[in-house]
Amino acid sequence: MRLATWNVNSLAARLPHVLDWLAQQQQHAAPIDVLALQELKMVQEKFPFAALHAAGLHAACFGQKAYNGVALLARQPLREVHRPTPCAGDESARLIAATVDAPGGPLRIVSAYFVNGQAPGSEKYAYKMRWLEALHEWLRAELAQHPRLILMGDLNIAPEDADSHDPARLADTICHSPQEKAHFARLLALGMTDAFRLFAQAAGSFTWWDYRQAAFRRNLGLRIDHILASAPLVPCISACTIDRTPRSWPRPSDHAPMLVELAGTG
């Protein structure tokens, strides 16, 4: 079973990329069974259900005008769809969860778009800390109900030095602060595992590059997109990779897709 996550930075602009990439994966590798999308930047009414259905995909989304927005695309029906807003008083479209059938039993999948936070010390950073605290408690409850769970998406945290092209210079900046890294560690402490770090990875393995300063060509990137798997699924993970190819296409998202493969029954 192959799962993937991709911050598309506007689905209206990047829908052809999504469909082309899924078709290429099916032709040259194997179908993507579930794709988690983030930063849709569209309301529910504008979501391209018809185009996705024509491509053989079931879809569920949590849209929001201009900002945020998350979705799940799957080759099979999505059940028990939930659009949580764990932070009190905040209705931002940042999480969507659904269940799919999988070898070994039902699999709970969460597409997540964590708060960016702008800069440590800012009001948006304080909001990020509140949101992460609420997310932690929501995920604890979700794991109790769904022990076979994968959370994937743009988490806006570079948890290790290897996840940044210049960790020394960027220390204490957004996505690199000790507080953000501590929140990431707390997610792992719930029993989650960073699937990418289960395998030896090449230096400079990133998922995001700024549009400016030829950052992609120079590989000045960050790994801020992640796939976290609960303990029962870890023995099933056979690979976790980043596909940089779509980042090189015309008018790309600033993120690249990340993939995980599950083998066996778990």
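Quick summary incoming for the structure in this document. Position numbers for residues start from 1 in each chain and track the written sequence from start to end. In keeping with the predicted nature of the model, local features appear solely for residues at pLDDT of at least 70, side-chain atom pairs appear and are counted solely at 80 or more, and the whole-chain, interface and lining totals rest on all residues. Based on all heavy atoms of the structure, the side-chain values leave hydrogens and waters out of the count.

## Observations regarding the pairing of strand 1 (residues 2-7)
On a regular strand, each side chain points to the face opposite its neighbour's, so the side chains alternate between the two faces of the sheet. For strand 1, a buried count of 6 out of 6 residues is recorded, marking the element as mostly surrounded by other parts of the structure. A 1.4 Å probe rolled over the protein chains alone gives each residue an accessible area, and that area as a share of the maximum for its type sets the label: buried under 20%, exposed over 50%, partly exposed in between. For helices the rule is a DSSP run of H or I covering at least 4 residues; for strands it is a run of E covering at least 2, with both sets numbered from the N terminus onward. Here strand 1 shows two buried faces, one formed by Arg2, Ala4 and Trp6 and the other by Leu3, Thr5 and Asn7. Paired strands are those between which DSSP finds at least two bridges. For strand 1 and strand 14 (residues 258-262), the ladder comprises 4 bridges, and the chain directions are antiparallel. Among the inter-strand pairings, Ala4 is bridged to a residue of strand 14, identified as Leu259.

## Some points on the environment of Ser248
Position of Ser248 among the secondary structure elements: in the loop between strand 13 (237-242) and strand 14. Among the residues examined, Ser248 registers a relative accessible area of 48% and is labelled partly exposed. In the structure, Ser248 is positioned 31 residues away from Arg217 in sequence and 8.8 Å away in space, judged by C-alpha atoms. Think of a polar contact as two N or O atoms within 3.5 Å of one another; within protein, one of them needs to be a possible hydrogen donor and the other a possible acceptor, and neighboring residues in sequence only count if both atoms come from side chains. One polar contact links the side chain of Ser248 to the main-chain carbonyl oxygen of Thr245, over a distance of 2.6 Å.

## Structural notes on the packing of helix 3 (residues 123-145) against helix 5 (residues 178-189)
For the pair helix 3 and helix 5, the least separation of the axes is 10 Å and the interaxial angle reads 5°. Looking at the two axes, helix 3 sits roughly parallel to helix 5. Facing Tyr125, Lys128, Met129, Leu132, Glu133, Leu135, His136, Glu137 and Leu139 of helix 3, the residues of helix 5 in contact are Gln179, Glu180, His183, Arg186 and Leu187. The classification used treats Ala, Val, Leu, Ile, Met, Phe, Trp, Tyr, Cys and Pro as nonpolar, Asp, Glu, Lys and Arg as charged, and all other residues, Gly among them, as polar. Per-class residue counts for the contact of helix 3 with helix 5 are 6 nonpolar, 3 polar and 5 charged. Here, axes are lines fitted to C-alpha atoms. For helices the fit covers the stretch in contact, and angles between N-to-C directions go from 0 to 180 degrees. An angle below 35 degrees is read as roughly parallel, one above 145 as roughly antiparallel, one from 65 to 115 as roughly perpendicular, and any other as oblique. Contacts are residue-level and defined by heavy atoms, with any inter-residue pair within 4.5 Å sufficient.

## Regarding the sheet that holds strand 2 (residues 34-38)
One open sheet accounts for 6 strands, arranged 3-4-2-1-14-13; its pairing is mixed. If you trace the sheet from one side to the other, it starts and ends with strand 3 (58-62) and strand 13, each paired once. Direction aside, the axes of adjacent strands within the sheet are offset by 15° on average. Two elements, strand 3 and strand 4 (residues 70-74), share 5 bridges in a ladder whose sense is antiparallel. From the neighbouring strand, Phe62 faces strand 4, where its bridge partner is Val70.

## Regarding the sheet that holds strand 9 (residues 192-194)
If you trace the 6 strands from one edge of the open sheet to the other, you get 5-6-7-8-12-9, paired in mixed fashion. Strands with a single pairing partner mark the edges of an open sheet, and in this sheet they are strand 5 (79-82) and strand 9. Each strand axis lies, on average, 20° off the axis of its neighbour in the sheet, ignoring direction. Here strand 7 (residues 107-113) pairs with strand 8 (residues 149-154) via 6 bridges, running parallel. Directly across from Val110, in strand 8, lies its bridge partner Leu151. The strands that helix 3 touches are strand 5, strand 6 (95-100), strand 7, strand 8, strand 9 and strand 12 (225-230); relative to strand 6, the one it contacts most, it runs at about 15°.

## Here we look at the packing of aromatic side chains
In this scheme Phe, Tyr and Trp rings, the latter by its six-membered ring, pair at centre separations within 6.5 Å, and the angle between planes marks the pair as stacked below 30 degrees, edge-to-face above 60, and tilted otherwise. Evaluated as defined, the whole model comprises 4 aromatic pairs. Look at Trp209 and Phe216: their rings are 4.9 Å apart centre to centre, the planes differ by 85°, and that puts the pair in the edge-to-face class. Across the pair, Phe216 and Trp209 agree in class, each one buried.

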